[in-house]
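Remarks on the overall topology
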Amino acid sequence: RLDWPEGSSDSLSSGGSDSDESVYKVLLLGAPGVGKSALARIFGGVEDGPEAEAAGHTYDRSIMVDGEEASLMVYDIWEQDGGRWLPGHCLAMGDAYVIVYSVTDKGSFEKASELRVQLRRARQTDDVPIILVGNKSDLVRSREVSLDEGRACAVVFDCKFIETSAALHHNVQALFEGVVRQIRLRRDSKEA
Ligand code: GDP
Ligand code: MG
């Protein structure tokens, strides 16, 4: 059920010299119910996937960003019941992290901050890209976290920020393009 990238997992994890051919591992983090799986399914182009998949899913796709192709492996595996993916492993394996909260759930926003702290602890020496995502922007009447609160949090945590609506497919493409740009920025500055 889990599609671990066959034969590529270990050789790619440390990246570096062959960065152009790398598959970038992107992990979705966030409280339950914020829309991680919905965002991942849109990325993977499989919107009717099983909602209640216990063990989590990975989605493998190449996208064009700024005229250059990028291969992403998106992992929707955070705190899944399968138990195969330990939190510590998740926090160690990503080339980029998408921390999702729901704008309709203040608790999930607070959880996002906790995750940012956890991630910083796990990856102290790495400058790993993080994108903070306020999902469910379509639910205007039940909003509990303002756009400004989201932005301010991203400033404090030194990461990028975007609001999305998986329901309306709003900004989902932009989110994953942003992930690629953040990975490339760091790759390019390392090469320079
Ligand atoms: P996960 O637990 O983080 O994977 O969250 P899911 O992707 O399973 O989504 C939880 C619920 O929120 C589901 O019923 C989704 O249909 C719904 N949902 C996800 N994203 C959005 C969104 O952008 N807008 C609205 N209105 N509902 C959403
Ligand atoms: Mg899910």
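Starting afresh in each chain, residues are numbered from 1 along the sequence in its written order. Following the order in which they are written, the chains are lettered starting with A and the ligands numbered starting with 1. In keeping with the model being predicted, local features are shown solely for residues with a pLDDT of at least 70 and side-chain atom pairs are shown and tallied solely at 80 or more, while totals for entire chains, interfaces and linings include all residues. Water and hydrogen atoms were dropped before computing side-chain values, which therefore reflect all heavy atoms in the structure.

**Observations regarding the confidence of the model for the protein**
The pLDDT averaged across the protein works out to 87; a share of 83% of its residues lies at or above 70. Every residue in residues 1-20 is under pLDDT 50, and counting partners more than four places away or in other chains gives 27 contacts. With a pTM of 0.87, the predicted complex shows an ipTM of 0.99. What pLDDT reports is the predictor's confidence in each residue, on a scale of 0 through 100. Whether two residues are in contact is decided by their heavy atoms: any pair within 4.5 Å suffices.

**Some remarks on the sheet that holds strand 5 (residues 130-135)**
At least two bridges found by DSSP between two strands are what make those strands a pair. Each helix is a run of DSSP H or I of at least 4 residues and each strand a run of E of at least 2, with the numbering of both proceeding from the N terminus. Strands sit in the order 2-3-1-4-5-6 across an open sheet of 6 strands; the sheet is mixed. At either margin of the open sheet sits one strand with a lone partner, and together these are strand 2 (57-65) and strand 6 (160-163). Geometrically, the sheet is characterised by an average inter-axis angle of 25° between neighbouring strands, direction not taken into account. Where strand 2 and strand 3 (residues 68-76) come together, 9 bridges link them in antiparallel fashion. What sits directly across from Tyr59, in strand 3, is Val74. Axes here refer to lines fitted to C-alpha atoms; in helices the fit is confined to the stretch in contact. Angles between the N-to-C directions go from 0 to 180 degrees. Packed onto the sheet, helix 2 (residues 36-44) meets strand 1 (23-30), strand 2, strand 3, strand 4 (96-102) and strand 5 and runs at close to 50° relative to strand 2.

**Topic: helix 2**
Restricting attention to buried positions, one finds in helix 2 the residues Lys36, Leu39, Ala40, Arg41, Ile42 and Phe43. Elements that come into contact with the buried residues of helix 2 comprise strand 1, strand 2, strand 3, strand 4, strand 5 and helix 6 (172-191). Only protein chains enter the accessibility calculation, which uses a 1.4 Å probe; a residue is then buried when its area is under 20% of its type maximum, exposed when over 50%, and partly exposed in between.

**A word on helix 6**
Given the number of residues in a helix, its expected span is that number minus one, multiplied by 1.5 Å. For helix 6, spanning 20 residues, the distance from its first C-alpha to its last is 29 Å, which sits close to the expected 28 Å at 1.5 Å a residue. Of all the residues in helix 6, the buried ones are Val172, Leu175, Phe176, Val179, Val180, Gln182, Ile183, Arg184, Arg186 and Arg187.

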